[in-house]
Amino acid sequence: LDLYKKYNCRLPLSDFEKENTTTIAFLMLDKVLAPELIPSAMESVIKPYAQEHGLQLEELLLQYIKDLLERCSSRTASFFETEWEAKAMAVLDCMSDTDLIFDAVLQIMYKAVVPWSEAVEHLVQQHLEMDHPKVEQLQESYRLMEMKKLLRGYGIRSFNLSDDKQIMKLVKYILKQDLPSSLEDALKVAQAYMLPTPEVYIIHIVQLVNRDKSEECLKLLKLLPTSEAECISERLAVWAHLQLQDQTDTSEEHKKYLMAVAQMMVETLKFLQSIQKDNTLKRMKCENNLKMFEAIAHLQEDFDIFLSLEDYENPALLAQFQEEHVKAYEGTLSRARTRKASVVANDADGKTKTISTEAGLYRLALLLQRSEQELGADLAMRALAVGKVEKALKICRELYQHHCNAKTGQALFNAAQKLCQMLEANVPMIIPEGMNLPAVIHDLACQAATVCSTDLLLDCQELCKNTLAAMDVYRQCQIDDYGFIAKTSLGADRDPYEEWTFEDFFNEDGIVLDPVTALPVLYEITTSFVPYSADSKLYPLDCSCLSNCSYAGGMNFLKPMKVPMNAMLQNLHECSQLQLALRLVVNSFGTCLQHVTSNNMALVLSSKLHHHQHLMEDRNFILSLGEKTISLIKDVSMALLHKVFNCRVVDCDLAIGYCTLLPKKDAFEKLWHVINNTWQNYDKILAVAVVGAHLSTLYKEEEEGQKFLSLIADAEWGIELGKFGISFQSVFRQAPERKKDLITTLVKNRKVDSELILKYCCTFDLDSDSALNLYIKTLLLHGANNNQNEDGPETDDCSTVCHRETLATALGIIPLLTSSRDLVISLSAAILKLSPYDYETIEGVLKVIQTADEKITSLDLDQALGLLQHLKSYKRISPPMDLEHHYLLENSLDDSPHAHTRLPFHLIFFQTSHCFWKIISVELSEETFPTLLLISKLMKVCLDKLYMSAVNHVFEKSLKPRSLQQAKEGKSHAMTKETMKTVETIKAYLLSIKNPEWAAATSHRIAQELPTGIEKTSALKFCLLLAEKWLKITNPEDPTHAKAEIFWDKLKVQYQRSATENTLMSHRLNSPEYLKLTGFPAKLIVSLYEHSSIEQRIKIPTGTDYPDIHAVAKEIASINNIDLTKIRDVLLDKWLCQSTRPTANDNNVQDYITDIQEDPELMRVIYLLQMYPIDFSARMLYAIVTAETSPISNSGPRMTFCHRSRALLCLIQIADTTMLESLLKTPIEKVKYYLKCCIYLSEFEALNIPYSVESFHNSPKEGMIKGLWKNHSHEPRAVRLVAELSLEYQVYDPQLWNGVLQKLLSFSMIGYLRKVLVAITAIHSLWQVPNFVRAWRSVILAPFLSASVPLSPQQLGMFYETFVLLLKCPVLLDLDLIGIAKQFAQFDLPAFTLGTLLLIPCSEKKDQQIQGFLSASNLVTVLEQVEEHLSTGEVAGFSTQIKDIVLSFMCTNKLYEKLVQTKLFPLLKHHVIVSNQVRDLVDYLVNRSCLDDAAGLAAEYLKHKGRHLSANMPAAEVLKEFMGSEKRFLE
């Protein structure tokens, strides 16, 4: 009862007797079904019950949780199986003892259903993050729960892991499932049971290899730490080693597995090598393992060879594999040639692949640890064994090219020896066509010598020497492609190919050898000298060649040589191959002697080591061979010397060598015999003499040597002079005194120069000065004689070049003379006898005398040479005079063809006072004056007469007629190039006159005679300059000074007026009003800056025909000495800083304020400032903007906002954004805002309303606008300002705007009202304003009230703007559009009428009106007005609609005749093409016989439809094609 009353717990008595206080508390908690009710039940029932019965609440709750978990976890899972978990956690939340809470959490973890719910997971995680001693226990339990959950994912619900083996089995099982998380789960298991993780990775990698996923192994290793990856890689290497040992299974799957193992290990070891950077020992071990595994992998993959690591280290096994593959390769090639089958096959045992290419063999050799050289040597010897020479040589070339080492040297040496042996035995070989086999063998031997080891070097050297001899012998066996040419003993009929090929080297003539006979014998000698044995093994410092080999086993190496050597020598003698015979006998004797000597260095020791008979045989052989060798050398040398001297080109070095092989007496006798029997062959004599001179030096025979040296000198000069066609035979081998007889011949030869003459004199000890003097005289006088004999001026160029070369030669000889006195004396006398027109010879003689510089001549050489230079550049214009003919007769000189083009030098230079002016006066002209002036100055005559005559001549003949002609043609304001050149010439003449008064008077006379224009101005300016010069040089006390001063004043006024007038004319500004101001230059400049072109220039800057006002102003200011800056300031003050404001009743006031192109004065300001740099102009305007008073006027007015706004408008116009921001230190947006404020403030200022920029900026704009309207609505300016401010600051009060529109109408500000209406059209709220419709109607009808027929361009523009307004008008329904259309029609504007009718909203009414208009109007006029006035601008799109309506009407009514053959016809064609009405127009044109127009229309239509016709197709064909296309379209 107590339980029921206090705790609302109904419990039967039988149950109550069985329970205790604890279980009753459990029963009360069980009765709480919802977990969220637990806290309230705890407070209302459980806590009071526990206190009443003395129970510990925390322990009670823990016990309840355990009991609840025990009871519920044993039940079968159901839909509500997690309710007890929620209830247990709700009870747990009511606990406060941390220790008991952790115990409860542990109990919930143990009993919770796996997988855990989110609530249980959150509960555990929450307590894992706490700091409590039982957290470790909780973590351990959580780990076990995690493991349990993990294993359930693999179907393992209960497990008992007693040892590490069981755990590893579990790990393998997890990894074997091959799930994405298998590795991670396996690692978790291993970590949970504290097993080493590398074991897991190794198992996983092995399984990856088994699954053929080797690439994932490397990815896995790269993700591991370096130490762990290194450990795993090393253990994998051991594992792979063991796997490769299993070679018993030969199935394809096992092979594939082994290949995967090897490939995986290659990648693994590469990775291991990349991370083992510090441990050198491990790195080396890794590198070795990598090499082995790479080789094994390649053997498996490429050659199907599966080896273990032990097999790979067995050389015998590897050699066996290579031998098998080489044989298989050769067999495959053989079968391929015979059967023409594929070369890829399997061996008989089916285990190894047959290699199909030689590259495969080399690759296999490298894999089997054999070098490329060893395999190459093997293959080369195999090829030679079967006679494949080309293949063997190819292998040898590749070895030498890619492997230059001792092994290659040995291989090349063996190949060369083998080839020698084969040639000796005449073994059949396959030799490529054109191959020189002996040369190839020699090349092989030389290549072997360059790369062989030191032990083989002597053998290679001996082989090179003998193969070279064989190659030379073989060369004599060949007959080249260029054929055989017989050669005589005197060298005639030489083969030109051989001559160019061998140059100065001796090439012995002989009979061609028989290669079949000669080569085997020669190679037998070679193999005797360098024996070949494939199996022989040489020890260090041992040699196989005969010259360096030791006695062996009583064998005699010399006897086998005797027979082949004798046979070879006999063959060479018979074929006259003496050089080869000499080489063979010397080499053979040297080799044999070296062999015997090297083995008998100590005779006593040799007698003990070798048999006595053997030693005696060798001694006797050497003695007999030596005697024979000496006899052969003497005979062969004499014969060869004879051959050498009989060659066309003697090889002197070789001849000296052969001479040294002969006795001295025989050698000299042979040389003199050859010299005495040679006649005029100086080349051969020189060669023999050179040999004799060298031989004399060798034998120290001085007397013989002098004879040969003298002979050398004579022979050399014989050769040298023979080149010039001079015979030396008369003085050859004569005494030196006889040699001077040849000098006269030498100086007359044009090819001979001074160097040769000096060399000749030096060689034979002759007087060089006399020879050179004779040479110079001959050069100069020979040229003079030629000039006198010339027939005409056609040889001038050639003669000039010849004289120039002759003079250069003569001048170059003078420094070679020891004394030039005799030369100067003879030339000074000779110059007077020369022709006065022969400038070249005279100049040559004078320059030679000047260069000699002996100071013994009376001639002024510089003056004479200067006169010659002027005369050479001058061409006379008058015929020769009588005094010239008289001079030629007096001096017995012939007439010269140059007399008509040249002035006489002698008459001008030697007879100046008598003949100079007679000759010069007739030559004076504008072209000749500069040269004549120079001549006059040079000859030091008076120049005044010359200058005055020149001025009069040029003015009368050139300047005056040309100026009068230009004045007649109206071109006097511009001066042509010819006139300028003439004027400059006259100025130069006048400036050269020494008397200034004379010069000024002459200049003034010329100026007075010239017509008005630039020439007259230039003349007056120059006259003013001369007058000023005259004024300066006169003394003020001198009477002429006053005369000069008066003259200067008059000239200055005359010049300024003329210059100003000419400036205006040159810029096409010579209007009467400007010409009247020429006497007032300042007023003229101001008037020029008000020229109408300035406004057009600013409005249309692309225009070109504008006068340059700046240039005109600058010129006028410069002419009249006016300060242009002052005029600029006056104009700026006038246009910017106005003291009065214009009235506000002007309809364009708003444009005046903001648009610079509508204010002429501001446009003039812009143009005025363009003459200065932009930064200067900008700073000037900035000063005006910021100043309180005008900075450009000392007494200027105070600066108002109007002034500032005008200046700022100009500043923004001329400066770019960057300059503005830099100058004003303000962003461009603020500058524009400040300008706007100044404009508005200027309006306020005009209304006498004081505002500052700050007060205007800070004041509320709507209140300001309404206040302005309230107080100043009676003023037009204020009304305009109210409208502007309302639009700017978006004040759209209907009442205010109604008043504004009314005032604008009342003030008749129609132009401004038009802009306001367009602006407020977008504000729909203002459409309801009463005056809105009235305003629109007024601005549209206003032009009709003031216009009159005919219309002016301005009125026509107003009607265009009215039509544009109609298109923009939002209240068309309130307008009488028909009435407006009639108004347009009254002013003869039918296009505008039709456009207005198109705007009628009612379509029925619109169509009716349009049809009536089209029927009654001139449609051509409509189209013309549309094209003229409505085709561009804002109405361009609307004009298309007008044209379409008109053209459609004309097509419908067949009114084609009005447009055909007019400029509007293209419009009609385009319309009918677009509207597919071509057929009617084509028929009309054909009926009118306009076939070309019809064909053109048809072609355009077909092109429009995508069918292009030829441009040359006849009209009939085009029309036929058109009709066909129309028929197809209809069908």
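The structure presented is a predicted model; accordingly, all values stated were derived computationally and were not measured. (Residues numbered from 1 in each chain as written. Predicted model: local features only at pLDDT ≥ 70, side-chain atom pairs only at ≥ 80, totals over all residues. Heavy atoms only, no water.)

K.L.:
It is not clear to me how the pattern of salt bridges should be interpreted in this structure. Could you clarify?
P.N.:
Evaluated as defined, the whole model comprises 29 salt bridges. Taking the shortest distance from any N to any O, the salt bridge between Glu-1009 and Arg-1005 comes out at 3.2 Å. With Glu-1009 and Arg-1005 both in helix 48 (residues 996-1009), this residue pair falls 4 residues apart, about one helical turn. Its salt-bridge partner being Asp-1480, residue Lys-1454 comes within 3.9 Å of it at the nearest N-O pair. Placement of the pair is Lys-1454 in the loop between helix 73 (1436-1452) and helix 74 (1465-1474) and Asp-1480 in helix 75 (residues 1478-1487), with a sequence separation of 26 residues. Look at Asp-1480 and you get partly exposed, because its relative accessible area is 37%. Put simply, Asp-472, Arg-475 and Arg-583 are held in one network by salt bridges that share partners. (Salt bridge = Lys/Arg side-chain N within 4 Å of Asp/Glu carboxyl O. Helix = DSSP H or I, 4+ residues; strand = E, 2+ residues; numbered from the N terminus. Buried < 20%, exposed > 50% of the residue type's maximum accessible area, 1.4 Å probe, protein only.)

K.L.:
Explain the confidence of the model for the protein to me, please; I cannot follow it from the model alone.
P.N.:
Detailed conclusions should not be drawn from predicted coordinates in areas where pLDDT is low. For the protein, per-residue confidence averages 78 on the pLDDT scale, and residues scoring 70 or more make up 82% of the total. Ignoring residues within four places in sequence, the model shows residues 790-794, a span with pLDDT below 50, making 7 contacts including any to other chains. (pLDDT = per-residue confidence, 0-100. Contact = heavy atoms within 4.5 Å.)

K.L.:
It is not clear to me how the packing of aromatic side chains should be interpreted in this structure. Could you clarify?
P.N.:
For any two aromatic rings, the description comes down to two numbers: the centre-to-centre distance and the angle of the planes. The final tally for this structure, using the stated rule, is 34 aromatic pairs. With a centroid separation of 5.1 Å and 65° between ring planes, the pair formed by Tyr-760 and Phe-764 is classed as edge-to-face. Remark: Phe-764 and Tyr-760 occur in helix 36 (residues 754-764); sequence separation between them is 4 residues, near one turn of the helix. With a relative accessible area of 0%, Tyr-760 lands in the buried category. (Phe/Tyr/Trp six-rings, centres within 6.5 Å; stacked < 30°, edge-to-face > 60°.)

K.L.:
Where do I start with the environment of Ala-1494 in this structure?
P.N.:
Position of Ala-1494 relative to the elements: it lies in helix 76 (residues 1491-1504). Residues Ala-1494 and Asp-1483, 11 residues apart in the sequence, show an inter-C-alpha distance of 7.9 Å.

K.L.:
Honestly, the packing of helix 75 against helix 76 in this entry has me stumped. Any pointers?
P.N.:
Any two packed helices are characterised by the angle at which their axes cross and by the distance between the axes. The contact between helix 75 and helix 76 brings their axes to 8 Å, and the two run at 160°. Compared by their axis directions, helix 75 and helix 76 come out roughly antiparallel. In this structure, the crossing between helix 75 and helix 76 has a hand that is left-handed. Here Val-1478, Leu-1481, Val-1482, Leu-1485 and Val-1486 of helix 75 lie close against helix 76, whose contacting residues are Leu-1491, Asp-1493, Ala-1494, Leu-1497 and Tyr-1501. (Axes fitted to C-alpha atoms, helices over the stretch in contact; angles between N-to-C directions. Parallel < 35°, antiparallel > 145°, perpendicular 65-115°, else oblique. Left-handed = near helix turned anticlockwise from the far one by under 90°.)

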